[in-house]
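# What the coordinates show
Listed below are the residues making up each chain.
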Amino acid sequence: MKKTLPIFLTFFLFLALAACGPVNGPQTTAAPEPAASASETEAPAGTTPEETHLQPEEGWQVITIEGVEMLWDGYKVKEPDIRLDIDSMCFADFGEDFFTESYPVETERYTLCEGEIMETEVVHIKAEVPGPVLYIVAGVHGDEIAAWYAGRLLRSATLKAGELYIVAPANANGAKNRTRYVTGTQDMNRSFPGSPDGNEAERIANAIYRDIERVQPFLVFDLHEAIVYTEGRDFLGSNLIYTILDNIDDLFFDMLFATQDGDLCSNAFSSNGPGPKGSINNTVANELGIPVITVETFRGFPIERRVSDQLAIVQYALEYVEMR
Ligand SMILES: [Zn+2]
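Analysis parameters
- In every chain, residue numbers begin from 1 and rise along the written sequence.
- Selection of residues for local features in this predicted model requires a pLDDT of at least 70, selection of side-chain atom pairs for listing and counting requires 80 or more, and totals for whole chains, interfaces and linings are taken over all residues.
- Hydrogens and water are ignored here; the side-chain numbers use all heavy atoms of the structure.
- A run of DSSP states H or I qualifies as a helix once it reaches four residues; a run of E qualifies as a strand once it reaches two. Both are numbered from the N-terminal end.
- Only protein chains enter the accessibility calculation, which uses a 1.4 Å probe; a residue whose area is less than 20% of its type maximum is buried, one above 50% is exposed, and one in between is partly exposed.
- The contact rule is simple, with two residues in contact once any of their heavy atoms fall within 4.5 Å.
- Known as pLDDT, the predictor's confidence for each residue is given on a scale from 0 to 100.
- To estimate the expected span of a helix, count its residues, drop one, and scale the result by 1.5 Å.
- For helices, the axis comes from a line fit to the C-alpha atoms of the stretch in contact; other axes are also lines fit to C-alpha atoms, and the angle between any two N-to-C directions lies between 0 and 180 degrees.
- When describing relative orientation, an angle under 35 degrees is termed roughly parallel and one over 145 degrees roughly antiparallel, while 65 to 115 degrees is termed roughly perpendicular and anything else oblique.
- It is the rotation of the near helix from the far one that decides the hand of a crossing: anticlockwise by less than a right angle makes it left-handed, clockwise makes it right-handed.
- Residues are grouped as follows: Ala, Val, Leu, Ile, Met, Phe, Trp, Tyr, Cys and Pro are nonpolar; Asp, Glu, Lys and Arg are charged; every other residue, Gly included, is polar.
- Basic side-chain nitrogens of Lys or Arg form a salt bridge, by our definition, when they fall within 4 Å of a carboxyl oxygen of Asp or Glu.

Attention now moves to the environment of Val62. Counting through the fold element by element, Val62 comes out in strand β1 (residues 61–65). Taking the relative accessible area as the measure of exposure, Val62 reaches 26% and is therefore partly exposed. Between the C-alpha atoms of Val62 and Trp72, which are ten residues apart in sequence, the distance is 6.2 Å. With residues up to four places along the chain from it excluded, the contact list for Val62 reads Leu54, Gln55, Pro56, Glu69, Met70 and Leu71.

With that settled, the discussion passes to the confidence of the model for the protein. Scored by pLDDT, the protein comes out at a mean of 88, with 84% of its residues at no less than 70. Scored below 50 in pLDDT, residues 1–44 shows 21 contacts in the model against residues more than four places distant or in partner chains.

Taking 1.5 Å per residue as the helical rise, helix α8 (residues 303–320) with its 18 residues ought to reach 26 Å, and the 26 Å between its terminal C-alpha atoms agrees with that figure. Among the 18 residues of α8, 14 are classified as buried, and the element is accordingly described as predominantly covered. Directly beyond the C-terminal end of α8, a positive phi value near 60° is found at Glu322.

Attention shifts here to the packing of helix α5 (residues 200–215) against helix α7 (residues 280–288). Put simply, α5 and α7 touch, their axes get as near as 11 Å, and they point 40° apart. The pairing of α5 with α7 is recorded here as oblique in orientation. Note on packing geometry: the crossing formed by α5 with α7 is right-handed. Across the interface between the two elements, Ile208, Tyr209, Ile212 and Glu213 from α5 touch Ile280, Thr283, Val284, Glu287 and Leu288 from α7. Residue classes in the contact of α5 with α7 are distributed as six nonpolar, one polar and two charged.

Turning our attention to the pattern of salt bridges. Under the criterion given, the structure shown has 14 salt bridges. Linking Glu79 and Arg299 is a salt bridge whose minimum nitrogen-to-oxygen distance equals 3.0 Å. Highlighted residues: Glu79 in the loop between β2 (68–72) and β3 (105–112) and Arg299 in the loop between β10 (292–298) and α8, separated in sequence by 220 residues. Judged by relative accessible area, Glu79 falls into the partly exposed class, the value being 22%. Judged by its relative accessible area of 7%, Arg299 is buried. Connected through salt bridges with shared partners, the residues Glu79, Asp143, Glu225, Arg299 and Arg306 form a single ionic network.

Turning our attention to unusual backbone geometry. The residue after Phe192, namely Pro193, is reached through a cis peptide bond having omega 5°. Relative to the helices and strands, Pro193 is located in the loop between α4 (172–176) and α5. Note the cis peptide between Gly273 and Pro274, where omega equals 0°. Along the chain, the position of Pro274 falls in the loop between β9 (270–272) and α7. A positive phi angle, near 45°, is found at Phe99, a position not held by glycine. Mapped onto the elements of the fold, Phe99 is located in the loop between β2 and β3. The buried category is assigned to Phe99, whose relative accessible area is 9%. Although it is not a glycine, Arg178 adopts a positive phi angle of roughly 50°. Looking at where Arg178 falls in the secondary structure, it is placed in the loop between α4 and α5.

Given below as structure tokens:
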């Protein structure tokens, strides 16, 4: 693990420099890293790098899920540190195949719950060619970082056809405070369809709900993350949740099977449903007849892997309906 980290970081840095740096000026190639000295690469006596493992901590035991070691307290996993400045990053930082081609688009932005603690922005991207309309709600729970990080990146996507709406983070106050809730213990994902006269979670839920009703997308993506792992129970960490699949059943099952065949995402996803009462998944499906796919990545994995999986799912859908 330790041995591969510098290689990964170098690769990562190179991608970041190659893809996100200023576009003017000649292309340069990163100089090769000097070889590490023997003392840096030598494993401690009696061990090999492969034997370097996470150490258990007080109250936490080490478990391995999908090849990744993580700490677990019997209920939740410990999320690895996240030190990314997402607004200075780009698709290529999370995988070289993301959104490589660029198309001319028009972009407009508008605000929901203006002037309130829940204020957030919707970005509307419109291709020159008419086509399907997709709506992405990223980060209804503010502490599910990879969900709204993916949403932030998707704001700079371009399209061959159709229209994309993105609200990221959907729960702006929760994202600022790194909490699930909008404020106090108000859970937006139990507050749909909400009300303009309700509490903070109900007001932002209603603003998003009404916007989806106005836009009438063929599909809503609802990007989330899971942190709970319970032995012997369904693993919600790599999961696609649906309530209805009207007109998207081919897309849904091809996408799900692509993860299970190893062609999409870093591990197999499972599926379940319906979404719980008051969730965007359940409410938009049952009240508006619009299918919602909730994507759950797992907070025990490194952030790059989680954002990459979120992007891969969205890109797969965009390509499937020929928006890209
Ligand atoms: Zn969530």
